[in-house]
Amino acid sequence: MNALTVVRSRKDIPNSLACLPDCRAVLCLLAMPLFAQAWQTTTPPVAACQAAGQVAGWDILEHTLSLKSDSGDYSDFRYDDSTTFTSAGATFRPDETGILEALNIDDRLCVEAFRADSNETADRVRVTLRGDIDARDRRELIRWQSEELFGAVKALDQANHRITVHVSASSDVSVDAAGSVTFWILPTAADDPADTVRGGWDSLAPGDAIYVRGEPVTGMPTMRARLIVSGGFRSFVGSVESMEPLTSVLQLRDFRSGRTRPVRFNFVSIYVVGKNTVPGARDRRLYPATVGDMQEGDSVLLLGRENDQAGGIDAFLLITGFSPGGVLQPGPGQSADWIFQAIGFGGSRP
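Residues numbered from 1 in each chain as written. Predicted model: local features only at pLDDT ≥ 70, side-chain atom pairs only at ≥ 80, totals over all residues. Heavy atoms only, no water.

Visitor: It is not clear to me how the overall build of the chain should be interpreted in this structure. Could you clarify?
Guide: Scanning the chain for helices and strands turns up two helices and 23 strands. Looking at the 350 residues of the chain, the share that counts as buried comes to 50%. Residue pairs at least 24 apart in sequence account for 62% of intrachain contacts in the chain once pairs closer than 6 positions are excluded. About 15,600 Å² of surface is accessible on the chain, with carbon and sulfur atoms providing 51% of the total. (Helix = DSSP H or I, 4+ residues; strand = E, 2+ residues; numbered from the N terminus. Buried < 20%, exposed > 50% of the residue type's maximum accessible area, 1.4 Å probe, protein only. Contact = heavy atoms within 4.5 Å. Areas by Shrake-Rupley, 256 points an atom, 1.4 Å probe, with all protein chains shown as cover.)

What follows is the structure, given as structure tokens:
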């Protein structure tokens, strides 16, 4: 039985988007958790992959599997009866179980080792189902939401580095901005993260809408800020209920409220997080994707503004991921908020 393989190549995104001060980027996703493990705040240690990607096709008669990497490159590898496949912590050989018949297009494979006598035949392969990857993404995105707030400035105390923020349907939150905090402003007419400019205390005023990322203080209505963006910019996380590219509308089921909201989106600015393969570069970067790479039910992060007049959300970018590394988990040496550098805040360059 042969599976259809659709070949599509992706190019690196424009230099106007950068994943770090010293690394190119635009949307991506990668790393590898084990099948049925509970959520961890750090990626669990696993063997390095000699080849990795989503299943793009296979040929049972020829004993070959095709992979599509995060950067959109395609490759094939062979397997035989001695190849071991690991799934959900259990190890199988192709002749012992129907593991290959259970594979689906877009499931994730990691070739941990090739045979010593053949650099084309896999010795060990780790399998992660796309459904398990998405479950992990959902948990990570819900955690991401717990480390942010969006509301209107109620009071400013510059002397003590405090901002009182009124959050809709909630009590006021005190933002501690005494540490190392980065301030940005997204101009009113801007619809691109690259249009953000540096801000500061002098650029804030009561009534301003601000987005804050940081660490909530347990048991207190307080957050220690790392990043503050004024101008209406904010993030939304949820699952895709439907996609309508012809009308530029995506229906998003919001994880926080549980309700479905319409998102106006051009379906061009879609990115997935993946591993940076450039020698010496930091671990995580963004790669461009297409609407054809997505499925209904995928967990996604949207960056944009709430449209109070028209209702719904005006989105600039959509970020998702198809690998066990998570959508937003930083790589070694990357900042916790690396994604804002990756999307080109302030027009940053590689």
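Visitor: It is not clear to me how the nonpolar core should be interpreted in this structure. Could you clarify?
Guide: The nonpolar side chains of a soluble globular protein tend to be buried, and buried together. One finds Trp144, Phe233, Leu301, Ile319, Ile339, Phe340 and Ile343 to be the most contacted residues of the largest nonpolar core, which totals 27 residues. Looking at this core, the element that brings in the most residues is helix α2 (residues 338-342), giving four residues. The contacts of Ile339, once residues within four sequence positions are left out, are Trp144, Leu286, Ile319 and Leu328. With 18 residues, the next largest nonpolar core counts Leu250, Phe265, Tyr287 and Ala289 among its residues. (Core = buried A, V, L, I, M, F, W, Y, C linked by side-chain atoms within 4.5 Å.)

Visitor: Where do I start with the sheet that holds strand β5 (residues 74-78) in this structure?
Guide: Paired through backbone hydrogen bonds, the strands of a sheet run either parallel or antiparallel to each other. Across the sheet, which stays open at both edges, the seven strands sit in the order β5-β4-β3-β8-β9-β6-β7 with mixed pairing between neighbours. A single partner strand is all that each edge strand has here, and the edge strands are β5 and β7 (90-92). The mean angle between the axes of side-by-side strands here comes to 35 degrees, regardless of whether they run parallel or antiparallel. Relative to β5, strand β4 (residues 64-68) is paired through five bridges, and the arrangement is antiparallel. Each bridged residue has a counterpart across the sheet, and for Leu67 the counterpart in β5 is Ser75. (Pairing = 2+ DSSP bridges. Axes fitted to C-alpha atoms, helices over the stretch in contact; angles between N-to-C directions.)

Visitor: Hey, could you run me through helix α1 (residues 130-146) in this one?
Guide: Look at α1: 25 Å from first C-alpha to last across 17 residues, which is about the 24 Å you get at 1.5 Å a residue. Within the span of α1, buried status applies to Arg130, Ile133, Asp134, Arg136, Asp137, Glu140, Leu141, Trp144 and Gln145. (Expected span 1.5 Å × (residues − 1).)

Visitor: I keep staring at the state of the cysteines and nothing clicks. Help me out?
Guide: By definition, a disulfide is the covalent link that joins the sulfur atoms of two cysteine residues. Under the defined criterion, the tally for this structure stands at one disulfide. Bridging Cys49 to Cys110, the disulfide has an S-S length of 2.1 Å. Between Cys49 and Cys110 the sulfur-sulfur dihedral comes to about -115 degrees; the bridge is accordingly left-handed. Of the two residues, Cys49 sits in the loop between β2 (23-24) and β3 (51-59) while Cys110 sits in strand β8 (residues 108-114), which places them 61 residues apart along the sequence. (Disulfide = S-S within 2.5 Å.)

Visitor: Would you mind showing me how to read the environment of Ala205 here?
Guide: Turning to its location among the elements, Ala205 is positioned in the loop between β14 (197-198) and β15 (209-216). Residues Ala205 and Leu156, 49 residues apart in the sequence, show an inter-C-alpha distance of 7.5 Å. Sequence-distant contacts of Ala205, that is, excluding residues within four places in its chain, are made with Val153 and Leu156.

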